[in-house]
There are 2 protein chains.
Amino acid sequence: MVVDDIKTLDQNDPLTSYKAQFALPDEVIYLDGNSLGALPKRVSERMEETTRQQWGQDLISSWNKHQWVTLPQRVGAKIAPLIGANAEEVVCCDSISVNLFKLLAAAITFNGTHVRNRIVSSHDNFPTDLYIAQGLETLLGSERCQFVDVAEDELMHAIDDQTAVVMVTEVNFRSGKRLDIAALAQKAHQHGALILVDLAHSAGVMPIHLNQWRVDMAVGCTYKYLNGGPGAPAFLYVRSDLLGNLQQPVAGWFGHSNPFAFAADYTPDQGIKQFLAGTPSVISMAAVDASLELFSDLDMEQVRTKSMQLTQVFHELIEQTGLTKTLTLLSPLSANERGSQLSYAFDYAYELCQALIARGVVADFRAPNFIRFGFAPLYNSFDDVWKAVELVQQVIESKDYLQPRWAQRQTVT
Amino acid sequence: MVVDDIKTLDQNDPLTSYKAQFALPDEVIYLDGNSLGALPKRVSERMEETTRQQWGQDLISSWNKHQWVTLPQRVGAKIAPLIGANAEEVVCCDSISVNLFKLLAAAITFNGTHVRNRIVSSHDNFPTDLYIAQGLETLLGSERCQFVDVAEDELMHAIDDQTAVVMVTEVNFRSGKRLDIAALAQKAHQHGALILVDLAHSAGVMPIHLNQWRVDMAVGCTYKYLNGGPGAPAFLYVRSDLLGNLQQPVAGWFGHSNPFAFAADYTPDQGIKQFLAGTPSVISMAAVDASLELFSDLDMEQVRTKSMQLTQVFHELIEQTGLTKTLTLLSPLSANERGSQLSYAFDYAYELCQALIARGVVADFRAPNFIRFGFAPLYNSFDDVWKAVELVQQVIESKDYLQPRWAQRQTVT
């Protein structure tokens with residue numbers, strides 16, 4: 001592969017016009033959109049309008065005038081087509097952690113029966129998913145809730161007739177490996193269990209077909225490939241035919257069927273609104289709403305095609321430059337079997353990451369020893385990939401990563 | 001009371017300079033800061049800086065560079081002196097509803113014993129407080145968690161040796177009545193129970209002494225008198241000597257002792273950080289952080305004095321103009337016994353509220369039949385009070401509230 005091949009790929013890229021919609025800094029190759037998506041220009045404009053005009057000038061009247069009160073559902077409806085769901089099956093609210101808690105508890109108490117007590121997940125799921133299940137087990141006691149975590153490739157075997165819910169993340173945050181959600185859903189249903197899918201690393205970067213795959217419940221993140229901003233509210237999906245049978249325990253007033261009646265007794269909304277808890281975080285959610293406009297006329301198959309090409313070209317260049325002698329690919333070799341990231345194990349992964357950041361290539365380190373490169377098809381080009389690999393090569397061949405200055409560990413990377 | 005008295009009050013107001021710090025619309029008398037506080041000018045500036053520079057330009061590095069990772073604790077530390085707590089006892093996170101769930105569950109499972117099962121509250125507490133307790137009872141079953149709600153004046157008698165936790169709101173959202181928290185805490189402790197206080201309607205508008213009152217746990221709102229913006233993250237307090245003995249169940253990764261080790265097992269942080277769940281909502285929390293700067297050199301006794309004067313003058317003018325024949329005061333008559341609001345029952349409270357809004361006086365309606373006037377000492381003047389009462393008088397004496405156009409009910413008011 002030579003630089004002309006890269007030029008051709010960029011010239012033929014149907015998504016090339018999207019980059020101008022983002023406020024990326026010059027001279028930075030940002031390969032960390034899988035951790036924090038870049039800022040869409042329209043988002044800063046919307047936040048200013050929401051703050052200065054809606055909050056500042058229209059004040060309390062904005063709950064009606066600007067429909068703040070229905071923001072969770074309106075934003076949910078915009079996310080729905082990106083995940084293969086109906087508009088009335090998705091809301092935007094809280095964090096993934098809180099939403100997992102609501103859904104796991106609802107699954108454990110499904111139909112009011114407590115016969116099934118197991119939450120089955122994989123040991124290398126994202127930690128917060130594991131922790132939330134552990135927290136629920138501690139609260140309910142192991143007779144009512146038992147958390148079972150197995151190796152990722154043991155998942156199918158671990159699902160049995162005691163399983164209340166299978167909790168999986170579609171794309172693994174470490175390896176980038178993509179699970180076959182439809183197969184897991186089928187297996188769960190064969191055993192009368194529910195399936196709950198975390199879409200943190202897939203929403204906005206690949207087609208997702210929750211209804212078609214018969215997924216029961218899902219959560220996802222808006223601050224990665226959906227570019228909603230740091231710590232932006234998460235989303236939550238429940239398949240419509242289950243809505244009447246599930247009750248979530250964080251029974252805040254926004255989940256009430258008629259919150260503004262201020263009744264003393266909780267009557268859950270019969271729809272997806274039941275899964276809301278407190279007052280929505282308006283300005284953050286308006287940011288997500290604005291960001292989602294970018295996706296309204298986007299073909300997710302096109303996004304996926306480019307995403308696969310980006311990871312493929314990156315790894316081909318890593319191989320071509322002989323860097324696979326130093327960096328061990330943790331991700332599946334086939335682009336089809338992974339999400340939009342590549343992870344490499346390396347004893348000096350932290351230092352390599354810091355040395356790359358200093359050269360304008362932003363990737364991230366994850367303990368204990370790997371570096372992740374994330375590819376955002378809306379703003380990453382093939383030229384970014386070419387230049388990034390050149391700089392990786394430069395740092396590794398010069399052994400610059402051995403310089404003590406890169407080893408100053410910080411809290412987060 | 002004549003207009004000259006009003007002028008004198010404004011001239012002697014030590015807080016008069018604060019109004020210029022807010023971006024209030026001209027021609028509006030905003031008496032709804034108890035529902036949504038006004039926009040401090042520094043907040044819109046901070047949000048733009050956080051969005052455009054920190055997120056847009058510094059991207060993922062901001063978690064370290066701008067210390068996003070410690071925002072919940074840093075904002076908590078700024079709230080602490082306003083509520084009589086130590087810096088390490090408060091965090092900013094999630095919504096009041098979610099925080100109540102965490103704390104009620106922690107209280108019910110206090111020290112791992114499940115001997116005490118009762119949550120005692122008052123029937124007219126804010127609905128979300130009641131709903132969250134009901135949700136927890138439904139999840140845990142009434143053997144482990146029984147929610148008992150009594151009339152507000154029966155609270156002291158309802159606390160007994162089966163009480164795990166007493167849950168009260170310092171200032172009632174309907175009547176504005178202020179409870180004697182120190183007395184309730186003492187009673188709770190006599191019976192070996194914990195006390196959890198909701199400060200939604202008191203934080204930022206009156207001195208609060210959680211440590212001195214021996215309050216065990218508290219939650220509060222930042223979007224009312226703390227002016228953090230619509231749906232801004234709430235706060236949560238736990239007295240330091242209890243931190244080691246409480247475990248909250250929404251065990252998200254930000255509550256882990258070392259989240260960035262990405263370990264598979266949850267090890268709760270030993271401090272207040274345990275009460276965090278998911279990734280913090282950075283931009284919303286930065287807004288709260290900026291708003292709190294206004295409070296850094298504020299004497300809360302002065303704020304309380306002005307707040308009491310504002311409610312007192314308003315009601316005196318209502319009496320003086322003979323409006324008490326029409327409007328029935330729901331709030332305690334003595335300013336000392338109420339928060340910073342006045343509520344009046346009136347069959348046409350909704351229509352009165354709408355007619356006032358059309359004249360630039362913003363108050364709010366609460367079902368079934370009362371109007372609330374909230375007073376924010378940082379931006380409300382005595383002249384606001386004078387003019388507002390004049391307009392109330394105008395609407396009532398002209399019977400303008402009977403016009404059909406005011407009766408178009410909207411979702412929220």
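No experiment lies behind these values; they were computed from the predicted model shown.

Undergrad: Tell me about the overall build of chain A, and name the residues and values.
TA: The secondary structure content of chain A amounts to 12 helices and 13 strands. Since a compact globule built from 413 residues should have a radius of gyration of about 22 Å, the 22 Å found for chain A is in line with a globular shape. Sequence separation of at least 24 residues holds for 72% of the intrachain contacts in chain A that already meet a minimum separation of 6. Within the structure as shown, chain A displays about 13900 Å² of accessible surface, and the carbon and sulfur contribution to it stands at 47%.

Undergrad: Pulling in residues and values, what's your account of the UniProt feature "binding site: pyridoxal 5'-phosphate" (unreviewed entry) in chain A?
TA: The sites that carry the UniProt feature "binding site: pyridoxal 5'-phosphate" (unreviewed entry) are, in the present numbering, A:I96, A:S97, A:F126, A:P127, A:T128, A:D129, A:T169, A:D198, A:H201, A:Y223, A:W253 and A:T279. Of the residues just listed, which span 184 residues, the most distant C-alpha pair is 30.3 Å apart, and they do not cluster in one region. Looking at where A:T128 falls in the secondary structure, it is placed in helix α6 (residues 127-140). In this view, A:T128 contacts A:I96, A:S97, A:L100, B:G252 and B:W253; residues no more than four positions away in its chain are not counted.

Undergrad: How would you summarise helix α2 (residues 41-55) of chain B if you had to cite specific residues and measurements?
TA: With 15 residues, α2(B) should reach 21 Å at 1.5 Å per residue; the first-to-last C-alpha distance of 20 Å fits that figure. Considered for burial, the residues of α2(B) that qualify are B:V43, B:S44, B:R46, B:M47, B:T50, B:T51, B:Q54 and B:W55. Elements in contact with the buried residues of α2(B): α2 (41-57) and α9 (282-292) of chain A together with α3 (62-65) and α9 (282-292) of chain B.

Undergrad: Can you break down unusual backbone geometry residue by residue, with the values?
TA: For residues that are not glycine, phi is negative in most cases, and the peptide bond is trans in most cases. The omega angle of the peptide bond from A:A367 to A:P368 is 5°, so this bond is cis rather than trans. Of note, A:P368 is situated in the loop between β12 (364-366) and β13 (370-374). In this structure, A:F262 is a non-glycine residue whose phi angle is positive, near 50°. Tracing the sequence through the fold places A:F262 in the loop between β8 (234-238) and α9. Residues other than glycine seldom take positive phi values, yet B:N227 does so here, at roughly 55°. Examined against the element boundaries, B:N227 turns out to sit in the loop between β7 (217-220) and β8 (235-238).

Undergrad: Any chance you could break down the pattern of salt bridges for me, citing the residues and the numbers?
TA: Residues and elements named next belong to chain A. Counted under the stated rule, the structure contains 40 salt bridges over all chains. A salt bridge links D13 to K306; the shortest N-O distance between them is 2.6 Å. One end of the pair, D13, is in the loop between α1 (3-11) and β1 (29-30); the other, K306, is in helix α10 (residues 300-320), with 293 residues separating them in the sequence. The exposure class of K306 is buried, given its relative accessible area of 4%. Here D289 and K78 are joined by a salt bridge, their closest N and O atoms 3.0 Å apart. With D289 in helix α9 and K78 in helix α4 (residues 71-79), this residue pair connects regions lying 211 residues apart in the sequence. In this structure D289 comes out as buried when scored by relative accessible area, which is 6%.

Undergrad: Now, about the nonpolar core: what can you tell me, with residues and values included?
TA: Grouped together as the largest cluster of nonpolar side chains are 246 residues, with contacts concentrated most on A:I83, A:I119, B:I83 and B:I119. What B:I83 contacts, discounting residues up to four positions off in sequence, is B:V90, B:L199, B:I208, B:H209, B:L210, B:F235 and B:Y237. Residues B:Y350, B:V385, B:V392 and B:W406 belong to the second largest nonpolar core, which totals 38 residues.

Undergrad: Outline the sheet that holds strand β5 (residues 163-169) of chain B, supporting the account with residue identities and numerical values.
TA: Residue and element names in this part refer to chain B. Spatial strand order, β2-β8-β7-β6-β5-β3-β4: 7 strands in an open sheet with mixed pairing. Looking at which strands have only one partner, the edges of the open sheet turn out to be β2 (90-92) and β4 (146-150). If you compare each strand with its neighbour and ignore which way they point, the axes differ by 20° on average. In the sheet, β7 pairs with β8 via 4 bridges, with the strands oriented antiparallel. Looking at β8, one finds that G220 is bridged to F235. In this fold helix α5 (residues 96-108) packs onto β3 (118-122), β5, β6 (194-198), β7 and β8, with an angle of close to 170° to the strand it touches most, β7.

Undergrad: Could you give an account of the environment of B:C353, naming the residues involved and the relevant values?
TA: By secondary structure assignment, the location of B:C353 is in helix α11 (residues 349-358). Considering only alpha carbons, one finds B:C353 and B:V395, 42 residues apart in sequence, at a separation of 9.8 Å.

Undergrad: So, the relation of the copies chain B and chain A: which residues are in play, and what are the values?
TA: Here chain B sits on chain A after a turn of 180° about the axis and a move of 0.0 Å along it, with an RMSD of 0.0 Å. The superposition operator between the copies reduces to a two-fold rotation axis. A share of 100% of the interface residues of chain B reappears at the interface of chain A, consistent with the copies meeting face to face through the same patch.

Undergrad: Summarise the UniProt feature "modified residue: N6-(pyridoxal phosphate)lysine" (unreviewed entry) in chain A; cite the residues concerned and give the values.
TA: Residues and elements named next belong to chain A. Sequence positions flagged by UniProt for "modified residue: N6-(pyridoxal phosphate)lysine" (unreviewed entry) are, in local numbering, K224. Of note, K224 is situated in the loop between β7 (217-220) and β8. Accessibility expressed as a relative area gives 10% for K224, which makes it buried. Filtering out sequence-adjacent residues up to four positions away, K224 remains in contact with G33, N34, S35, G37, A200 and H201.

Undergrad: So what's going on with the domain arrangement of chain A? Residues and values would help.
TA: Residue and element names in this part refer to chain A. As far as domains go, chain A holds domain 1 (3-30 + 299-407) and domain 2 (45-295). Between domain 1 and domain 2, the contact holds 26 residues from the first and 18 residues from the second. Of all residues in domain 1, M300, R304 and Q341 give up the largest surface area on contact with domain 2, accounting jointly for 29% of the area buried on that side. Summed over the shared surface of domain 1 and domain 2, the number is 8 residue pairs in polar contact (both at pLDDT 80 or more). Among the elements that make up the side of domain 1 that touches domain 2, the one with the highest residue count is α10 (5 residues). Considering only residue class, the side of domain 1 that touches domain 2 consists of 12 nonpolar, 8 polar and 6 charged.

Undergrad: Could you give an account of the interface of chain B and chain A, with specific residues and numbers?
TA: Every contact between the two is made by 84 residues of chain B and, on the other side, 85 residues of chain A. Both faces combined, the contact of chain B with chain A buries some 7100 Å², and carbon together with sulfur accounts for 67% of it. By the criterion of area lost to chain A, the three top residues of chain B are B:W55, B:Y131 and B:F262, representing 12% of everything that side buries. A salt bridge links A:R52 to B:E48; the nearest nitrogen and oxygen atoms lie 2.9 Å apart. Along the contact surface separating chain B from chain A lie 27 residue pairs in polar contact (both at pLDDT 80 or more). Counting residues per element, the ones that place at least two in the side of chain B that touches chain A are α2, α3, α5, α6 (127-140) and α9 of chain B.

Criteria and thresholds
- Residues numbered from 1 in each chain as written.
- Chains lettered and ligands numbered in written order.
- Predicted model: local features only at pLDDT ≥ 70, side-chain atom pairs only at ≥ 80, totals over all residues.
- Heavy atoms only, no water.
- Helix = DSSP H or I, 4+ residues; strand = E, 2+ residues; numbered from the N terminus.
- Rg over C-alpha atoms; globule rule 2.2 N^0.38 Å.
- Contact = heavy atoms within 4.5 Å.
- Areas by Shrake-Rupley, 256 points an atom, 1.4 Å probe, with all protein chains shown as cover.
- UniProt positions renumbered as here; feature names shortened; annotations may be inferred.
- Expected span 1.5 Å × (residues − 1).
- Buried < 20%, exposed > 50% of the residue type's maximum accessible area, 1.4 Å probe, protein only.
- Salt bridge = Lys/Arg side-chain N within 4 Å of Asp/Glu carboxyl O.
- Core = buried A, V, L, I, M, F, W, Y, C linked by side-chain atoms within 4.5 Å.
- Pairing = 2+ DSSP bridges.
- Axes fitted to C-alpha atoms, helices over the stretch in contact; angles between N-to-C directions.
- Least-squares fit on C-alpha atoms with pLDDT ≥ 70 in both.
- Domains from an automatic or database assignment.
- Buried area = accessible area lost by both parts, 1.4 Å probe.
- Polar contact = N/O pair within 3.5 Å; in protein donor to acceptor, adjacent residues only side chain to side chain.
- Nonpolar A, V, L, I, M, F, W, Y, C, P; charged D, E, K, R; others polar.

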